[in-house]
Structures are given as C-alpha cells and as structure tokens.
Amino acid sequence: MNQDELKGKMEQLKGKAKQAAGDLTDDQSLHNEGQVDEAKGDVREGFGKARRKIGETIEDIGDSLKR
C-alpha cells in the first residue's frame, strides 16, 4: 500500500466520521462535508492503486527483460 492509498483510506474514514457526527447532531452541512471527504478519499485511494499497479507492471517488465 502506497501513501496515496493510505491517505485515501484515512480521508474516507474522516468523511464517514463527519457523516456520523452530522447525523447525530442533525447537522446536514457536516454530513455533506463528510460525503465530500469520503469521495475525495475514494479518488485518492483509486489513484494510489492505479499508481501501484503501474509500478508493479513496470517491475515485471524489467524482470522479464533481465532473463
């Protein structure tokens, strides 16, 4: 797991916590802010996964060229 994946997961958790807090306090603005944070986390995690997979593919190609 790379930094983008980790930070994305953390952003998702922060968003879910804000949504829950917004629900408990009946604060729609906080709930909506949490949804945005969770969505940003989804995007960042997805970017991190793609980045990792590209890196792994490049390493595999390099390994196959060495043989």
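Let me begin by describing the structure that accompanies this report.

Criteria and thresholds
Residues numbered from 1 in each chain as written. Predicted model: local features only at pLDDT ≥ 70, side-chain atom pairs only at ≥ 80, totals over all residues. Heavy atoms only, no water. Axes fitted to C-alpha atoms, helices over the stretch in contact; angles between N-to-C directions. Helix = DSSP H or I, 4+ residues; strand = E, 2+ residues; numbered from the N terminus. Parallel < 35°, antiparallel > 145°, perpendicular 65-115°, else oblique. Left-handed = near helix turned anticlockwise from the far one by under 90°. Nonpolar A, V, L, I, M, F, W, Y, C, P; charged D, E, K, R; others polar. Expected span 1.5 Å × (residues − 1). Buried < 20%, exposed > 50% of the residue type's maximum accessible area, 1.4 Å probe, protein only. Contact = heavy atoms within 4.5 Å.

**Some remarks on the packing of helix α1 (residues 3-25) against helix α2 (residues 28-66)**
Stage number 1. Relative to each other, α1 and α2 sit at 165°, their axes nearing to 7 Å. One element, α1, and the other, α2, form an angle in the roughly antiparallel class. The two elements α1 and α2 cross, and the hand of that crossing is left-handed.
Stage number 2. Taken together, the residues of the contact of α1 with α2 sort by class into three nonpolar, ten polar and 19 charged.

**Considerations on unusual backbone geometry**
Generally, phi is negative for residues other than glycine and the peptide bonds are trans, each holding for most cases.
Stage number 1. Residue Asp-26 is not a glycine yet carries a positive backbone phi of 60°.
Stage number 2. Among the structural elements, Asp-26 can be located in the loop between α1 and α2.

**A closer look at α1**
The periodicity of an α-helix, 3.6 residues per turn, causes residues three or four positions apart to be oriented the same way.
Stage number 1. Compared with the 33 Å implied by 1.5 Å per residue over 23 residues, the 33 Å span of α1 between its first and last C-alpha is a close match.
Stage number 2. Within the span of α1, buried status applies to Asp-4, Glu-5, Gly-8, Glu-11, Gln-12, Gly-15, Lys-18, Gln-19 and Gly-22.
Stage number 3. As for α1, its buried residues are in contact with α2.
Stage number 4. Immediately downstream of α1, the backbone of Asp-26 shows phi near 60°, a positive value.

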